[in-house]
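Okay, here's what each chain looks like letter by letter:
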Amino acid sequence: QQKVQQSPESLSVPEGGMASLNCTSSDRNFQYFWWYRQHSGEGPKALMSIFSDGDKKEGRFTAHLNKASLHVSLHIRDSQPSDSALYFCAASERASSSFSKLVFGQGTSLSVVP
Amino acid sequence: GPKVLQIPSHQIIDMGQMVTLNCDPVSNHLYFYWYKQILGQQMEFLVNFYNGKVMEKSKLFKDQFSVERPDGSYFTLKIQPTALEDSAVYFCASSLDWGNYAEQFFGPGTRLTVL
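Residues numbered from 1 in each chain as written. Chains lettered and ligands numbered in written order. Predicted model: local features only at pLDDT ≥ 70, side-chain atom pairs only at ≥ 80, totals over all residues. Heavy atoms only, no water.

Residue and element names in this part refer to chain B. An order of β1-β3-β8-β7 is seen for the four strands of this open sheet, with the pairing classed as antiparallel. Each end of this open sheet is capped by a strand with a single partner; those strands are β1 (5–7) and β7 (65–68). Sheet twist, expressed as the mean angle between neighbouring strand axes with direction ignored, is 20°. Relative to strand β3 (residues 19–24), β1 is paired through three bridges, and the arrangement is antiparallel. Bridge pairing in β3 places Leu5 opposite Asp24. (Pairing = 2+ DSSP bridges. Helix = DSSP H or I, 4+ residues; strand = E, 2+ residues; numbered from the N terminus. Axes fitted to C-alpha atoms, helices over the stretch in contact; angles between N-to-C directions.)

Next comes the structure, spelled out in structure tokens:
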């Protein structure tokens, strides 16, 4: 069973539009979330982390976490063609006794159409 | 920004051979990781490494796998012998700190094909 599920698998939005990506953890131990973005030919790069309930905004990117439902979303406003990439949600365990490891979702492929 | 480099970008070998994947982590980072991504599947944690020791490993980290970072040089993943199911993209990552709050910086990956 996959611990981290992402939806949709792929998404196409017009330039200047809003892109919304979703992620859910099925394991209550995994409730620290990261969003990573991967452009073709590159490694994943961290966009932002969110560990507390509510919203976290960084520029055009807003993450929202609901710990009760273990659901996290990423919203990209004023989407640009350069935002076209693969977006991964990753979760880490609540317990800090173990060294960090990330559990990744399967990714959402975002295409921003000019 | 900080960059992690991986060498080579592609490697094709015959089943049963040994392969070493090299990772050049961010210079001041102390914690190192390997992840494996089979085509069409999600990236999965293999192992993390600190101060010359494996701290944690997953079930995917088979006995044929080993990691080391001799004298602060490359952080390496060695597979000996390789099997067909080892074909995947292997991502190296490094972080300055450990724990939930530590950002991991990833390399571009090494695509390993075992024939």
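With that settled, the discussion passes to the interface of chain B and chain A. If you look at the interface, chain B gives 22 residues, while chain A gives 26 residues. For the chain B and chain A pair, buried surface summed over both sides reaches about 2100 Å², with 57% attributable to carbon and sulfur atoms. Taken together, the connections running from chain B to chain A amount to one salt bridge. Looking at the side of chain B that touches chain A, the elements with two or more residues in it are β4 (31–37), β5 (44–50) and β6 (53–57) of chain B. No other element matches the four residues that β4(B) contributes to the side of chain B that touches chain A. Residues belonging to the side of chain B that touches chain A are distributed by class as follows: 13 nonpolar, seven polar and two charged. (Contact = heavy atoms within 4.5 Å. Buried area = accessible area lost by both parts, 1.4 Å probe. Salt bridge = Lys/Arg side-chain N within 4 Å of Asp/Glu carboxyl O. Nonpolar A, V, L, I, M, F, W, Y, C, P; charged D, E, K, R; others polar.)

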